[in-house]
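# Analysis of the macromolecular model
Next come the chains, spelled out residue by residue.
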Amino acid sequence: MPPLSRRLLALIFPLALAAVTPATQAFEGAVNVVAPYVRLVAPPATTTSAYMILHNTSAEMRRLVRAESPLAKAVELHTQGSDKSVMKMRPIREIVIPARGEVALKPGGHHLMLIDLAGPLRVGDAVPLILRFDDGSELRLAAPLRAGVTSAAATGDATPR
């Protein structure tokens, strides 16, 4: 998709979504998203991460198996953990959301990596994301871009500085 088309889509998608979805939540089927945001990165960085809480309202476990954004060439599911006292980040195949439970995508843990961004992003922008689940359902949302997230974000609080 040409960069201009990606930019235009990035402007239109959040506006259309905002007409039907509150800014801090997205609902679609059994999985809800609460407090989504994307971390602001300074140019020339072309990779950033997205965080949110995935809440499963169904009696069955769900798996997030894929994510996409028109603003990134690729979106990967990642996790971060310690290996012999060294923090390492690695891609994973899925993120399990327990039945009637939730999982937090947060700094230092599970998250979405947006790779090869179409262009620079600015605070206040909303990043369109499509989450795809193991049952074939998908959830579309617009995650606001935020700068300087506090360390409290690691506990699920996505309050900007």
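Placed above this text is the structure.
Presented here is an overview of the structure given in this document. (Residues numbered from 1 in each chain as written. Predicted model: local features only at pLDDT ≥ 70, side-chain atom pairs only at ≥ 80, totals over all residues. Heavy atoms only, no water.)

## Section: the environment of arginine 63
The criterion, for reference: Going along the chain from the N terminus, every DSSP run of H or I of four or more residues is numbered as a helix, and every run of E of two or more is numbered as a strand. Exposure classes here rest on a 1.4 Å probe applied to the protein chains alone. A residue is buried below 20% of its type maximum, exposed above 50%, and partly exposed in between. We call two N or O atoms a polar contact when they sit within 3.5 Å, provided that within protein one can donate a hydrogen and the other can accept it, with sequence-adjacent residues counted only if both atoms are side-chain atoms.
With respect to the secondary-structure elements, arginine 63 resides in strand β4 (residues 62–68). Relative accessible area serves as the criterion here: at 26%, arginine 63 is assigned to the partly exposed category. Placed 69 residues apart in sequence, arginine 63 and arginine 132 show a C-alpha to C-alpha distance of 8.6 Å. Of the polar contacts made by the side chain of arginine 63, one reaches the side chain of glutamate 94; its length is 3.0 Å.

## Considering the nonpolar core
So the rule is basically this: Among buried residues, the Ala, Val, Leu, Ile, Met, Phe, Trp, Tyr and Cys ones that are joined through side-chain atoms within 4.5 Å form a nonpolar core. Whether two residues touch is decided by their heavy atoms; if any such pair falls within 4.5 Å, the residues are in contact.
Counting 29 residues, the largest nonpolar core has Met52, Leu54, Leu112, Leu114, Leu129 and Leu131 as the members making the most contacts within it. Ignoring any residue separated from it by four or fewer positions in sequence, one finds leucine 114 in contact with Thr46, Thr47, Thr48, Ser49, Ala50, Ser69, Ala72, Ala74, Val75, Val127 and Leu129.

## Here's the deal with the packing of aromatic side chains
To be explicit about the condition: Stacked, tilted and edge-to-face pairs are distinguished by plane angle, under 30 degrees for stacked and over 60 for edge-to-face with tilted covering the rest, among Phe, Tyr and Trp rings (Trp via its six-membered ring) whose centres lie within 6.5 Å.
Per the stated rule, a full pass over the model turns up one aromatic pair. Geometrically, the ring pair formed by tyrosine 37 and tyrosine 51 is tilted, given 5.2 Å between the ring centres and 40 degrees between the ring planes. Taken together, the residues tyrosine 37 in strand β2 (residues 31–39) and tyrosine 51 in strand β3 (residues 47–56) connect sequence positions 14 residues apart. Residue classification places tyrosine 37 among the buried positions, given a relative accessible area of 3%.

## Quick notes on unusual backbone geometry
The peptide bond linking proline 43 to proline 44 adopts the cis configuration, its omega dihedral lying at 15 degrees. Relative to the helices and strands, proline 44 is located in the loop between β2 and β3. A positive phi angle, near 55 degrees, is found at alanine 35, a position not held by glycine. Mapped onto the fold, alanine 35 is located in strand β2. Taking the relative accessible area as the measure of exposure, alanine 35 reaches 22% and is therefore partly exposed. The phi angle at arginine 100 is positive, at roughly 50 degrees, despite the residue not being glycine. Structurally, arginine 100 can be placed in the loop between β7 (95–97) and β8 (102–105).

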